[in-house]
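Listed here are the chains, written in short residue letters.
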Amino acid sequence: MTAPQRLTYAIAPRVEAFSTLRHGGYSQGNHGAFNANLYCGDDGRAVLQNRALLCQAMGIGGERLVMPHQTHGCECRHIDENFFKLSQPLRLATLEGVDALLTSMKNVCIGVSTADCIPIILYDTVHHSAAVVHAGWRGTVQRIVQNAVGRMNECFGTAPQHLKAVIGPGISLDSFEVGDEVYDAFDRCGLDMQRIARKYPTNDGFSQKWHIDLWECNRLQLAESGVPSAQIHTAGICTMQNSTDFFSARKLGISSGRILTGVILR
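This report concerns the structure included in the present document.

Let's talk about the sheet that holds strand β11 (residues 197-201)
The strand order across the open sheet formed by three strands is β10-β12-β11, and the pairing between neighbours is antiparallel. The open sheet has two edge strands, β10 (177-178) and β11, and neither has a second partner. Here five bridges tie β11 to strand β12 (residues 208-212), and the two strands are oriented antiparallel to one another. By the bridge assignment, K199 is partnered in β12 with W210. On top of the sheet, helix α6 (residues 180-188) reaches β10, β11 and β12; it is set at about 40° to β12, its chief contact.

What about the environment of R51?
Note on placement: R51 falls in helix α1 (residues 44-58). Accessibility expressed as a relative area gives 19% for R51, which makes it buried. With 16 residues separating them in the primary sequence, R51 and N35 have C-alpha atoms 8.2 Å apart. Look past the residues within four positions of R51 in its chain and what remains in contact with it is A36, L38, L65 and M67. Reaching out from R51, the side chain makes a polar contact with the backbone oxygen of A36 at a distance of 2.9 Å.

Comments concerning helix α5 (residues 144-156)
Helix length check: α5, at 13 residues, gives a terminal C-alpha distance of 18 Å against a target of 18 Å (1.5 Å per residue), a fit within 8%. I144, V145, Q146, A148, V149, M152 and F156 are the residues of α5 that are buried. Trailing α5 by a residue or two, G157 shows a phi angle of about 80°, which is positive.

What to know about helix α8 (residues 214-225)
Here α8 is twelve residues long and its end C-alpha atoms lie 17 Å apart, about the 16 Å a rise of 1.5 Å per residue gives. For α8, the set of buried residues is L214, W215, E216, C217, N218, L220, Q221 and L222. With a side-chain oxygen positioned 3.2 Å from the backbone nitrogen of W215, the residue opening α8 is D213. In the stretch just after α8, G226 is the one whose phi turns positive, near 110°.

Notes on a negative patch on the surface
A grouping of D180, E181, D184 and D187 is seen on the molecular surface, where their side chains present a negatively charged patch. D187 gets classed as partly exposed once you look at its relative accessible area, which sits at 41%.

Things to note about the environment of F206
Topologically, F206 is positioned in the loop between β11 and β12. In this structure F206 comes out as exposed when scored by relative accessible area, which is 78%. Through-space distance from the C-alpha of F206 to that of G32 is 38 Å; in sequence the pair is 174 residues apart.

Comments concerning the sheet that holds strand β5 (residues 100-103)
Within the open sheet, the six strands sit side by side as β4-β5-β8-β7-β9-β13. Their pairing is mixed. The outermost strands of the open sheet, each flanked by one partner alone, are β4 (76-79) and β13 (232-234). Neighbour to neighbour, the strand axes of the sheet diverge by 15° on average, direction disregarded. Bridge count for strand β7 (residues 118-124) against strand β9 (residues 163-167) is five bridges, and the pairing is antiparallel. Bridge pairing in β9 links I121 to V166. Contacting β4, β5, β7, β8 (129-135) and β9, α5 crosses the sheet at an angle of about 160° to β8. On top of the sheet, α8 reaches β7, β8, β9 and β13; it is set at about 25° to β7, its chief contact.

Conventions adopted
- Residues numbered from 1 in each chain as written.
- Predicted model: local features only at pLDDT ≥ 70, side-chain atom pairs only at ≥ 80, totals over all residues.
- Heavy atoms only, no water.
- Pairing = 2+ DSSP bridges.
- Helix = DSSP H or I, 4+ residues; strand = E, 2+ residues; numbered from the N terminus.
- Contact = heavy atoms within 4.5 Å.
- Axes fitted to C-alpha atoms, helices over the stretch in contact; angles between N-to-C directions.
- Buried < 20%, exposed > 50% of the residue type's maximum accessible area, 1.4 Å probe, protein only.
- Polar contact = N/O pair within 3.5 Å; in protein donor to acceptor, adjacent residues only side chain to side chain.
- Expected span 1.5 Å × (residues − 1).
- Patch = residues over 30% accessible without salt bridge, like charges linked within 9 Å, V, L, I, M, F, W, Y side chains within 5 Å.
- Areas by Shrake-Rupley, 256 points an atom, 1.4 Å probe, with all protein chains shown as cover.
- Salt bridge = Lys/Arg side-chain N within 4 Å of Asp/Glu carboxyl O.
- Lys, Arg positive; Asp, Glu negative; His and termini not counted.
- Charge placed at Lys NZ, Arg CZ, Asp CG, Glu CD.

What follows is the structure in structure tokens.
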């Protein structure tokens, strides 16, 4: 079995940051081949085999790969030494309903799962700490990335101007068609709708539907938090348009694999 393929991000020395591609794993069908998420209908044995492949490639034990059970909220969890002192059931309970992780521990990979939602990596260049964020449209409306910046300040003393950020593969403005209720949710939360929303013609040619730019939403929120624009990198990869290489729930269905976006400090 080949090693899982990863899109890597050159954030800083002693930082390994990546998003997994679909290739190089044991899963089948719409979960194939590399899926590390246990909550999307995949064969659990294949998922564990995939995780073992990834951990082997990173040179860490399986318990050092930490992934939450996401619920499209804005809860952030700090992974520290105390987390690893917990029993396995308590670790799982600690990760339930969590959509962002942060750590300053070395040789621990924190990761989030996405398949059209936006994964974001944050790295504090002064305190050598990091966060990963799952920002779907609901999390974006709740400003989860700004919550993560605030939690990093609380836990590590992070100043936003010292952060580097990567906005990973996710659905693009062109592909993310939404209903009026979703547009209204973004409008109510005070986002600049002229910057993030466009109306595109529908396939029938007789009507138009709103499209939302989740990349730009999160970039603007990072900039609003004080992260310099020059330190925010957007991968620019639309998962729906590139579903051969990256999982897309809109293209493949909900019962499909998930991209793992992770960061490990050395």
